Amino acid sequence: MASQKLRPILWKKGTLHLLEQRLLPFREKWVKCDTVEKVARAIEDMTVRGAPAIGITAAYGVAVAALRSKAGTPLAFKRDVEKALLRLRKTRPTAVNLFWALERMQLRLKEMTGANPSDQGRWLEREALEIHKEDEALCGRLGKNGARLLAGCRNVLTHCNTGALATGGDGTALSAITTAARKNRKLHVWVDETRPYLQGARLTAYEVAHAGIDFHLITDNMSASLMKQGRVDAIIVGADRIVANGDTANKIGTYALAVLAKAHGIPFYVSAPTTTLDLAKSSGKEIVIEQRNPREVTHPQGVAIAKEDYPVYNPAFDVTPGELITAIVLETGICRAPYHRSLRSALAQSQASA
Ligand code: MRU
């Protein structure tokens, strides 16, 4: 297997560099983000995407603003950083990791009230680096926990991109797959192309190929027939927000897979760090689903496949009810229904060990 690690977010001398994911797999280009506006646009335009990755990027966005602040007083500095927090909060609404990371940066800011601005800038930079480093460690634990569920599977299906490109480490669901594949060379992955933005075709296929894992790329409408033929042993996906009853927002198309898994008696797993939990919400009905530009549907990758003026519905995510999820893999371990109990105790465990 290839050993060089794929890392899409780099912090160099106070500046954020992002791998331009919209050009993958055909071109590797890095985008320099030296203002908070550039960081916010990179999240909105999906230069960077994936729940943990946008959280890390937003934290660095705060650090960019803090290090570039010209404020001469702690109060003016606080205003500059709060303006950045406000801008970054408006980028994408569904993945809770973004809000989690911004809240943590805000808490750090509050703890430093009154200190001189240059010290505060350096501390905020350190906090963003810490968030990034912690996510890398979480991915390792998710990989190990998820691989236990995949042991013995021959064919695993996944949706969207949940690997290194979506996180600060080796991924969430994809980390489970790559970890399982290290033990079981026969593991084969069905990679859903993930319409309309094609994260599966462009990014997951690129990552599994990079890892040397056996795979086939399929269009999203092929999974039902594969399941019927007995050619899918398990499905594992990531998450953008998991609420108290286990309802899970993830890439559009996830819900359909969960329904199909149930109909065919196939286990359906979700893998995410505890930073993706939003236990203040009791059900998926409370999750805000991002609506994206119609052109992503009519012009995938800039190629027209439908008339520009057609009415389009383009939600980026859907919600899979907790009752369709066989297990939720967290860095603390594996949670099963009833989720309102298992998720709460997992979160308490992770907070106690922080
Ligand atoms: O719109 P995207 O590409 O940001 O959506 C990403 C997903 O839905 C992923 O499955 C999710 O963030 C989990 S990533 C580890």
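Please refer to the structure placed before this passage.
Just so you know, these numbers come straight off a predicted model, no measurement behind them. (Residues numbered from 1 in each chain as written. Predicted model: local features only at pLDDT ≥ 70, side-chain atom pairs only at ≥ 80, totals over all residues. Heavy atoms only, no water.)

Asks: Sorry, what's going on with helix α11 (residues 339-353) here?
Replies: Residues spaced three or four apart along an α-helix point in a common direction, a consequence of the helix completing one turn every 3.6 residues. Taking 1.5 Å per residue, 15 residues should reach 21 Å; α11 reaches 21 Å between its end C-alpha atoms and fits that length. Every buried residue of α11 is accounted for by Y339, S342, L343, A346 and S350. When α11 is viewed along its axis, its buried side chains cluster within an angular range of 95 degrees and face the same direction. Facing away from the buried surface of α11 by more than 90 degrees, the exposed residues are R341, Q351 and A352. Each element contacted by the buried residues of α11 is listed here: β8 (241-243), β11 (277-278), β13 (327-330) and β14 (333-335). (Helix = DSSP H or I, 4+ residues; strand = E, 2+ residues; numbered from the N terminus. Expected span 1.5 Å × (residues − 1). Buried < 20%, exposed > 50% of the residue type's maximum accessible area, 1.4 Å probe, protein only. Arc of directions from axis to C-beta. Contact = heavy atoms within 4.5 Å.)

Asks: Which parts of the structure should I look at to understand the site of the ligand?
Replies: Taken together, the neighbourhood of the ligand is formed by 19 residues, with R92, Q199, D240, N250 and K251 sitting nearest. Between the ligand and R92 there is a distance of 2.8 Å, counted from an oxygen atom to a side-chain nitrogen or oxygen. Counting residues per element, the ones that place at least two in the shell around the ligand are α2 (51-68) and β9 (248-251). A domain-level breakdown of the shell around the ligand finds at least three residues from each of domain 1 (9-137) and domain 2 (142-353). (Near = heavy atom within 4 Å. Polar contact = N/O pair within 3.5 Å; in protein donor to acceptor, adjacent residues only side chain to side chain. Domains from an automatic or database assignment.)

Asks: How do you make sense of the sheet that holds β9 when you look at a structure like this?
Replies: Where strands meet in a sheet, backbone hydrogen bonds hold them as pairs that are either parallel or antiparallel. Spatially, β11-β8-β9-β12 is the arrangement adopted by the 4 strands of the open sheet, whose pairing is mixed. Each of the sheet's edge strands pairs with one partner strand only, and the pair in question is β11 and β12 (317-320). Pairing of β8 with β9 involves 2 bridges; the strand directions are antiparallel. Bridging from a neighbouring strand, R241 pairs with A249 of β9. Packed onto the sheet, helix α9 (residues 254-264) meets β9 and β12 and runs at close to 30 degrees relative to β12. (Pairing = 2+ DSSP bridges. Axes fitted to C-alpha atoms, helices over the stretch in contact; angles between N-to-C directions.)

Asks: How do you make sense of the side chain of T15 when you look at a structure like this?
Replies: Structurally, the position occupied by T15 is in strand β2 (residues 15-19). Only 2.9 Å separates the side chain of T15 from the side chain of R68, close enough to count as a polar contact.

Asks: How should α2 be read in this particular structure?
Replies: Given a rise of 1.5 Å per residue, 18 residues ought to cover 26 Å, and the 26 Å separating the end C-alpha atoms of α2 matches this to within 8%. With respect to burial, α2 is a largely interior element, 16 of its 18 residues being buried.

Asks: Is there a simple way to explain the pattern of salt bridges in this structure?
Replies: Where charged atoms from two side chains of opposite charge approach closely, those side chains can pair. With the rule as written, the count across this model stands at 21 salt bridges. Close ionic contact of R7 with E136 constitutes a salt bridge, the shortest N to O distance being 2.9 Å. You can see R7 sitting in the segment before β1 (9-12) and its partner E136 sitting in helix α5 (residues 117-150), a full 129 residues away along the chain. Under the relative-accessibility criterion, R7 is labelled buried at 19%. Notably, a salt bridge pairs R292 with E296, separated by 2.8 Å at the nearest N-O pair. For the pair R292 and E296, one class covers both residues: buried. Within the structure, one salt-bridge network assembled from shared partners comprises R104, R108, E111, E127 and E134. (Salt bridge = Lys/Arg side-chain N within 4 Å of Asp/Glu carboxyl O.)

Asks: Looking at this structure, how should I read the packing of helix α1 (residues 36-44) against α2?
Replies: In a pair of packed helices, the angle between the axes and the distance between the axes together describe the arrangement. The geometry of α1 relative to α2 is characterised by a closest axis approach of 8 Å and an angle of 170 degrees between their N-to-C directions. If you check the angle between α1 and α2, you find them roughly antiparallel. Where α1 crosses over α2, the handedness of that crossing is left-handed. Across the interface between the two elements, V36, V39 and I43 from α1 touch I54, T57, A58, G61, V64 and A65 from α2. Among the residues forming the contact of α1 with α2, the class breakdown is 7 nonpolar, 2 polar and no charged. (Parallel < 35°, antiparallel > 145°, perpendicular 65-115°, else oblique. Left-handed = near helix turned anticlockwise from the far one by under 90°. Nonpolar A, V, L, I, M, F, W, Y, C, P; charged D, E, K, R; others polar.)

Asks: How should the environment of D135 be read in this particular structure?
Replies: Among the structural elements, D135 can be located in helix α5. Each C-alpha atom, one on D135 and one on P321, is 26 Å from the other, the two residues being 186 residues apart in sequence. Here D135 is in contact with P52, I56, T167, G168, G169 and P273, once residues within four sequence places are set aside. In terms of polar contacts, D135 uses its side chain to reach the backbone amide nitrogen of G168, at 2.7 Å.

Asks: I would appreciate a short explanation of unusual backbone geometry in the present structure.
Replies: Keep in mind that most residues, glycine aside, have a negative phi and that most peptide bonds are trans. In the segment running from L24 into P25, the intervening peptide bond is cis, with an omega of 10 degrees. In this fold, P25 is placed in the loop between β2 and β3 (30-33). Cis peptide bonds are those with omega within 30 degrees of zero, and the linkage from R195 to P196 qualifies with 5 degrees. Within the secondary structure, P196 is located in the loop between β5 (188-192) and α7 (199-210).

Asks: Help me understand the nonpolar core, please; the structure alone is not making it clear to me.
Replies: Side chains that are nonpolar tend, in soluble globular proteins, to be buried together. L16, I43, V81, L88, M105 and L124 are the most contacted members of the largest nonpolar core, which totals 40 residues. Looking at this core, the elements with two or more residues in it are β1, β2, α1, α2, α3 (74-89), α4 (96-111) and α5. In terms of residue count, the dominant contributor to this core is α2 (12 residues). Setting aside its immediate chain neighbours within four residues, I43 contacts V48, I54, T57, A58, L88, T91, R92 and L98. Among the nonpolar cores identified, the runner-up in size contains 28 residues, and V237, L257, L324 and I328 belong to it. (Core = buried A, V, L, I, M, F, W, Y, C linked by side-chain atoms within 4.5 Å.)

So, to be careful, I would describe these as geometric facts and stop short of saying anything about function.
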